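Architecture and fold: a report
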Amino acid sequence: MQELLGLFKLGGFVLPILILAAIVALAIAGNRLWVLRRGRIAPRDLASRVGELVDAGKVQQAVKVLYENDTPLARMMLVALQSAGQPRDVIKESVEETGRHEVAHLDRYLNFLGSIAGVAPLLGLLGTVFGIMHAFAAIGMVGAGDPKALASGIAEALITTASGLIVAIPSLMFYRYFKGQVDTLVLSLEKEALKLVNQIAAGTEK
């Protein structure tokens, strides 16, 4: 514990900022891991169940299933059903508008996570600069013959550099992973919702 406190003091004012950034990044990662699960976004059997009900003419029952489900896919499909009777292009536009709102929710906090990944190395570099400045200040005061006078400045430079990379690398990996996850889920949402749009449009034309 004493060693950790010692490292914390040696890290200068930049290290607490990096620790805070790490905590925020972990919180965002945990939140997105929980939110971006397929079962919470696009349940696998929902589209087929609703499609079967619509084919059977049980539209009200399909609406009830969607209301009870309350997922992004359910909300997009619900808009499609509520727009039934309109031209296909109008239904599709309504679904796409709802989809844009849902995508914004899926992307929530990810830009901030990406910003942490980009800023953390710069904060580490800033700490490195201040550490070197402190080392040169010590040389100016006691000369270069006393290595102990240089130790704190060099330690600050190394600690903040390492801390910046430790925060940035996992943050960037999480950011890339979640962005890919969102893209995959969005494609799935669009595919399933478009199936229902085509189904409704075909039923209207009959």
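Counting of residues starts from 1 at the beginning of each chain's written sequence and follows it residue by residue. Reporting in this predicted model follows two pLDDT cut-offs: at least 70 for local features of residues, and 80 or more for side-chain atom pairs to be given and counted; totals over whole chains, interfaces and linings ignore these cut-offs and use all residues. Each side-chain value is worked out from all heavy atoms of the structure, with water and hydrogens disregarded.

A grouping of Leu-122, Leu-125, Val-129 and Met-133 is seen on the molecular surface, where their side chains present a nonpolar patch of about 390 Å² in accessible area. Note on placement: Met-133 falls in helix H8 (residues 110-142). Taking the relative accessible area as the measure of exposure, Met-133 reaches 47% and is therefore partly exposed. Patch membership requires more than 30% relative accessible area and the absence of a salt bridge. Residues of like charge join within 9 Å; the nonpolar side chains Val, Leu, Ile, Met, Phe, Trp and Tyr join within 5 Å. Here the accessible surface of atoms and residues is derived via Shrake-Rupley with a 1.4 Å probe, and residues count as covered only by protein chains that are part of the display. A pairing counts as a salt bridge when a side-chain nitrogen of Lys or Arg comes within 4 Å of a carboxyl oxygen of Asp or Glu. For the purposes of this entry, the term helix denotes a DSSP run of H or I that reaches at least four residues, the term strand denotes a run of E that reaches at least two, and both are numbered from the N terminus. Exposure categories follow from relative accessible area, calculated using a 1.4 Å probe and restricted to protein chains: below 20% of the type maximum is buried, above 50% is exposed, and the middle band is partly exposed.

Once that is clear, we can look at the nonpolar core. Counting residues in each nonpolar core, the largest one holds 46 residues, and the members touching the most others are Val-50, Leu-66, Leu-81 and Leu-196. The set of elements that each furnish at least two residues to this core consists of helix H2 (14-35), helix H4 (46-55), helix H5 (59-69), helix H6 (72-82), helix H7 (88-106), H8 and helix H9 (147-205). For this core, the element with the most residues is H9, which contributes twelve residues. Definition used in this section: a nonpolar core is a set of buried Ala, Val, Leu, Ile, Met, Phe, Trp, Tyr and Cys residues joined via side-chain atoms within 4.5 Å.

For H7, spanning 19 residues, the distance from its first C-alpha to its last is 26 Å, which sits close to the expected 27 Å at 1.5 Å a residue. Taken together, the buried positions of H7 are occupied by Ile-91, Val-95, Thr-98, Gly-99, Glu-102 and Leu-106. Mapping the buried residues of H7 onto a view down its axis gives an arc of 110 degrees, with all of them on the same face. Opposite the buried face of H7, by more than 90 degrees, sit the exposed residues Asp-89 and His-101. A helix's residues, less one, multiplied by 1.5 Å, set its expected span. Here the arc refers to the directions that run from the helix axis out to each C-beta atom.

Okay, H2 next. With 22 residues, H2 should cover 32 Å at 1.5 Å per step; its first-to-last C-alpha distance of 32 Å lies within 8% of that length. Of all the positions in H2, only Val-14, Leu-15, Leu-18, Ala-21, Ala-25, Ile-28, Ala-29, Arg-32 and Val-35 are classed as buried.

Only the contacting stretch of a helix is used when fitting its axis, a line to C-alpha atoms as for every element, and angles between N-to-C directions run 0 to 180 degrees. Two elements in contact, H5 and H6, have axes whose closest approach is 9 Å; the angle formed by their N-to-C orientations is 150 degrees. Overall, the two elements H5 and H6 adopt an arrangement that is roughly antiparallel. Considering the relative orientation of H5 and H6, their crossing is left-handed. Along its contact with H5, which presents Val-59, Ala-62, Val-63, Leu-66, Tyr-67 and Asn-69, the element H6 presents Ala-74, Met-77, Leu-78, Leu-81 and Gln-82. Residues are grouped as follows: Ala, Val, Leu, Ile, Met, Phe, Trp, Tyr, Cys and Pro are nonpolar; Asp, Glu, Lys and Arg are charged; every other residue, Gly included, is polar. The class makeup of the residues in the contact of H5 with H6 is nine nonpolar, two polar and no charged. Roughly parallel means an angle under 35 degrees; roughly antiparallel, over 145; roughly perpendicular, 65 to 115; everything else is oblique. Helix crossings get a hand from a simple test, with the near helix turned counterclockwise from the far one by less than a right angle marking a left-handed crossing and a clockwise turn marking a right-handed one. By definition, residues are in contact when any of their heavy atoms lie within 4.5 Å.

To continue, consider the side chain of Thr-71. One can find Thr-71 in the loop between H5 and H6. Residues in contact with Thr-71, not counting those within four places in the same chain, are Gly-39, Arg-40, Ile-41, Pro-43 and Leu-46.

Chain-level statistics for the chain give a pLDDT mean of 84 and a share of 86% at 70 or above. Per-element confidence in the chain is highest for H2, whose mean pLDDT is 92, and lowest for helix H1 (residues 2-10), whose mean pLDDT is 54. A residue's pLDDT is the confidence the predictor assigns to it, expressed on a 0 to 100 scale.

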